[in-house]
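Examining the three-dimensional arrangement
Spelled out, the chains give:
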Amino acid sequence: DIQMTQSPSSLSAFVGDRVTIICRAGQSISSYLNWYQQKPGKAPKLLIYAASSLQSGVPSRFSGSGSGTDFTLTISSLQPEDFATYYCQQSYSDSFTFGPGTKVEIK
Amino acid sequence: QLQLRESGPGLVKPSETLSLTCTVSGGSISSDSSTFYWAWIRQSPGKGLEWIGSIYYSGSTYYNPSLKSRVAISVDTSKRQFSLQLRSVTAADSAVYYCARESLRGTPYDSFDLWGQGTMVGVSS
């Protein structure tokens, strides 16, 4: 399996802050990287696919970048509804794996 | 619009088989293209999000190697349903189980773009 790591595991931020979450793959995965947002008691929601493509309906304050082993999810101006847990996921290998998640909390 | 909903028992005894069904509404589970697969994913506090496996409407499957010996995913296109069976369960299989649509398998755009609400399954005697 391709191991995925995320940092930080949690962060506190103010509304309006710029937030960056890092995801690293255990081997090169090209751009086969997706980002999801999950709120308590809800299913994950796809935000970004193919490392940098914004899913339809997702606000433009969300962006993704990276390729190979290092990826970032950026929220340009954090909004109250963005407080959630964010997961990365690789689709490079036939056996998909997710990162452990980054919890974004209100400061 | 397309919606997915999981159904099945909320409690399973150890060593027995966990069986869940996902019903697709608002659209077809079949496709003339290779666009969509149908997947099972679970989430437990101990292991986070874990992909279990995916199936194409024709019956072609991919499974997580760590679960492959215990898992079977099947599809019934006439009922617009796909199902999960997980054999010989233990407490470690207690989790929220999600069904999801996997789009564009085998391309950089391969992702889970639509999810069910999830169903909690506990394993206990």
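Up top is the structure these notes are about.
Note that the coordinates shown come from a computational prediction; the quantities given were computed from them, not determined experimentally. What you see as residue numbers is a count from 1 along each chain, following the sequence as written. Following the order in which they are written, the chains are lettered starting with A and the ligands numbered starting with 1. Totals for whole chains, interfaces and linings use every residue, but because this is a predicted model, local features are given only for residues with pLDDT of at least 70 and side-chain atom pairs only at 80 or more, for both listing and counting. Side-chain metrics in this entry use all non-hydrogen atoms of the structure; hydrogen atoms and water are not considered.

Turning our eyes to something else, we now look at the packing of aromatic side chains. Each pair of aromatic rings taken from Phe, Tyr and Trp, with Trp reduced to its six-membered ring, is defined by centres within 6.5 Å and is described as stacked if the planes are under 30 degrees apart, edge-to-face if over 60, and tilted in the remaining cases. Enumeration over the complete set of coordinates arrives at 16 aromatic pairs over all chains. Judged by centre distance (5.8 Å) and plane angle (75°), the rings of Tyr36 of chain A and Trp115 of chain B are edge-to-face. Of the two residues, Tyr36 of chain A sits in strand β4 (residues 33-38) while Trp115 of chain B sits in strand β10 (residues 111-115), which places them in two different chains. Seen in terms of ring centroids, Phe62 of chain A and Tyr86 of chain A are 6.3 Å apart; in terms of plane orientation they differ by 40°. Their pairing is tilted. In this pair, Phe62 of chain A is assigned in strand β7 (residues 62-67) and Tyr86 of chain A in strand β9 (residues 85-90), connecting sequence segments 24 residues apart. Each of the two residues, Phe62 of chain A as well as Tyr86 of chain A, counts as buried. Lysine and arginine charges are scored as sitting over a ring when NZ or CZ, respectively, is within 6 Å of the ring centre and within 35 degrees of the ring normal. In this structure, Arg105 of chain B is placed above the aromatic ring of Tyr37 of chain B, and the distance from its NZ or CZ to the ring centre is 5.1 Å. When the ring centre of Tyr62 of chain B is taken as reference, the NZ or CZ atom of Arg105 of chain B above it lies at 3.9 Å. Where helices and strands are cited, they refer to DSSP runs of H or I of at least four residues and of E of at least two residues respectively, numbered from the N terminus. Any residue under 20% of the maximum accessible area for its type is buried, any over 50% is exposed, and the rest in between are partly exposed; the area is computed with a 1.4 Å probe on protein chains only.

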